[in-house]
Amino acid sequence: MAVLKSEDIAKLAGVSRATVSKVINNYPDVKDETRERVLNVIRECRYTPDFSARVLAGGKTNTIGFFMNVDSSLPKEKLIFDNNYYSPLLNAVIDRANSSGYYVTVNKISKDDGYDIVKSAFEEKRIDAAILVSVSDDMLSIASLPYPMVFISHEKKEFEEKKLLRKQMACVSFNSYTAYKKNTQFLIDRGYRKIGMIYADVGRYICDEKYRGFMDAMKENSLEAEDKFMIDCKMSPRIAAEKINTLLENKRLPEVFACINDDVAIAVMERISSFGLKIPRDIAIIGFDDTPFARYTLPPLTTCKLPIIEMACKAVSRAIEIINKNGKECTEDIFEAKPVYRKTTV
């Protein structure tokens, strides 16, 4: 059987070769009826486009690169697919991209190699756009590359401050400052006064904004954030659990710990329980993210829910807009995190 070409598909569908190309490349300016007729012919004939030839000719790959920032200095205690933030985010990105006719490649990057990995992916024509998640401050220069990019968990002002804002890029995030400030105010309104924070000084804007939200809420209520109750866990649940040991051994604890995320909160809960203390009777805990395991802890974790699925879907939509030349100026989509009140606070 002869190998079909796009010209053959065009004749069978009664359209031009250019229309077939537009359908294959998911261009929006094709009528639904025409698109379906072309797709039916493609399915019936089991036609497979020659993607390598198309890419060499300057066409699209129909592939989006998904790049997750991993701190190479930390112990590798968490794989990507075991990460309660990255995993659901990646699943949603793949689902949305696939339903839109795009493939997704998955990559880990760090400050040591991130710039070169992203750059080579574009230069070797392996991707049409990149979605980058939680890039550290010292890696934001990636935005200077002249390619379509969407940054998740980043706001436009980060790039404005560094003069990196440009066309062909988008930011999708949530208001981390406001969300964490509300978390802290919730604790204060519940009567807590001696409040500690397990934060993460890892050079990421979103972590800095959570810290700022906590400190501002404390200051506005004339409360002191005592140094001994302010613990830098470097975003590591293991480090968080180890660092609270001294407080537990000396029985010098705050009334509540506000944790940078749910993974850290759960590790801290386990360590506290190992000392025979009860949550929230002896000490309360609040997390952040509302990961799948948060509702199943004993007791269920009070936290703040991130709109992860919505953020992922919006990131893919923005990437496709830029690929199809519909993205003009840099766009920004900010979502709101919502408190989830459970049983680790009173």
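Cut-offs applied
Residues numbered from 1 in each chain as written. Predicted model: local features only at pLDDT ≥ 70, side-chain atom pairs only at ≥ 80, totals over all residues. Heavy atoms only, no water. Salt bridge = Lys/Arg side-chain N within 4 Å of Asp/Glu carboxyl O. Helix = DSSP H or I, 4+ residues; strand = E, 2+ residues; numbered from the N terminus. Buried < 20%, exposed > 50% of the residue type's maximum accessible area, 1.4 Å probe, protein only. Expected span 1.5 Å × (residues − 1). Contact = heavy atoms within 4.5 Å. Polar contact = N/O pair within 3.5 Å; in protein donor to acceptor, adjacent residues only side chain to side chain. Pairing = 2+ DSSP bridges. Axes fitted to C-alpha atoms, helices over the stretch in contact; angles between N-to-C directions. Phe/Tyr/Trp six-rings, centres within 6.5 Å; stacked < 30°, edge-to-face > 60°. Lys NZ or Arg CZ within 6 Å of the ring centre and 35° of its normal. Right-handed = clockwise from strand over helix to strand, strands pointing away.

### Observations concerning the pattern of salt bridges
Piece 1. Considering all chains together, one arrives at 17 salt bridges under this definition.
Piece 2. In this structure, Arg 318 engages Glu 321 in a salt bridge whose closest nitrogen and oxygen atoms are separated by 3.0 Å. Placement of both Arg 318 and Glu 321 in helix 13 (residues 308-323) is noted, with a separation of three residues, approximately one turn of the helix.
Piece 3. For Arg 318, a relative accessible area of 15% corresponds to the buried category.
Piece 4. The structure contains a network of salt bridges with shared partners spanning Glu 209, Arg 212 and Asp 216.

### Some thoughts on helix 12 (residues 262-274)
Piece 1. Here helix 12 contains 13 residues, and its C-alpha end-to-end distance of 18 Å stays within 8% of the 18 Å for a straight helix at 1.5 Å per residue.
Piece 2. Within the span of helix 12, buried status applies to Asp 262, Asp 263, Val 264, Ala 265, Ile 266, Ala 267, Val 268, Met 269 and Ile 272.
Piece 3. Packing partners of the buried residues in helix 12 comprise strand 6 (195-199), helix 10 (237-243), helix 11 (245-250), strand 8 (256-259), strand 9 (284-286) and strand 10 (303-305).
Piece 4. Where helix 12 starts, the residue carrying a side-chain oxygen 3.2 Å from the main-chain nitrogen of Asp 263 turns out to be Asn 261.
Piece 5. Trailing helix 12 by a residue or two, Gly 276 shows a phi angle of about 80 degrees, which is positive.

### Some points on the sheet that holds strand 11 (residues 331-335)
Piece 1. Overall, parallel pairing links the six strands, which are arranged 2-1-3-4-5-11 in an open sheet. Of all strands in the sheet, those bounded by a partner on one side alone are strand 2 (103-109) and strand 11. Taken pair by pair, the neighbouring strands of this sheet meet at an average axis angle of 15 degrees, ignoring direction.
Piece 2. Sheet analysis places strand 3 (residues 129-133) next to strand 4 (residues 149-152), joined by four bridges and oriented parallel. From the neighbouring strand, Leu 132 faces strand 4, where its bridge partner is Phe 151.
Piece 3. Sheet contacts for helix 13: strand 1 (63-69), strand 3, strand 4, strand 5 (169-174) and strand 11; angle to strand 5, the most-contacted strand, approximately 170 degrees.

### Some thoughts on the packing of aromatic side chains
For any pair of aromatic rings, the description consists of the separation of the ring centres together with the inter-plane angle of the planes.
Piece 1. Summed over all chains, the structure comprises seven aromatic pairs.
Piece 2. On the numbers, 5.9 Å between centres and 35 degrees between planes, the contact of Phe 174 with Phe 288 is tilted. With a gap of 114 residues between them, Phe 174 in strand 5 and Phe 288 in the loop between strand 9 and strand 10 connect regions that are remote in the sequence. Each member of the pair, Phe 174 as well as Phe 288, is classed as buried.
Piece 3. By way of ring pairs, the aromatic residues Phe 174, Tyr 180 and Phe 288 are connected into one cluster.
Piece 4. Arg 212 extends its terminal NZ or CZ atom over the ring of Tyr 177, reaching a point 4.0 Å from the ring centre.
Piece 5. In this structure, Lys 228 packs its charged tip against the face of Phe 229, placed 4.8 Å from the ring centre.

### Considerations on the side chain of Ser 173
Piece 1. Locating Ser 173 in the fold gives a position in strand 5.
Piece 2. A relative accessible area of 1% places Ser 173 in the buried class.
Piece 3. Among all residues touching Ser 173, those that are not within four sequence positions of it are Ser 153, His 154, Glu 155, Ile 206, Met 311, Asp 333, Ile 334 and Phe 335.

### Topic: the pairing of strand 6
Piece 1. Counting buried positions along strand 6 yields five of five residues, so the element is predominantly enclosed.
Piece 2. What you see with strand 6 is no split at all: Ile 195, Met 197 and Tyr 199 on one side and Gly 196 and Ile 198 on the other are buried throughout.
Piece 3. Pairing of strand 6 with strand 7 (residues 230-232), which is carried by three bridges, proceeds in the parallel orientation. For Ile 198, the partnering residue across the bridge sits in strand 7 and is Ile 231.
Piece 4. What joins strand 6 to strand 7 is helix 9 (residues 205-220), and the crossover it makes is right-handed.

### Considering the pairing of strand 1
Piece 1. Of all seven residues in strand 1, seven are buried, a share of seventy percent or more.
Piece 2. What you see with strand 1 is no split at all: Thr 63, Gly 65, Phe 67 and Asn 69 on one side and Ile 64, Phe 66 and Met 68 on the other are buried throughout.
Piece 3. Pairing of strand 1 with strand 2 involves seven bridges; the strand directions are parallel. Pairing of Ile 64 across the sheet is with Val 104, part of strand 2.
Piece 4. Inspection of the sheet shows strand 1 paired to strand 3 by five bridges, in the parallel sense. Paired with Phe 66 across the bridge in strand 3 is Ile 131.

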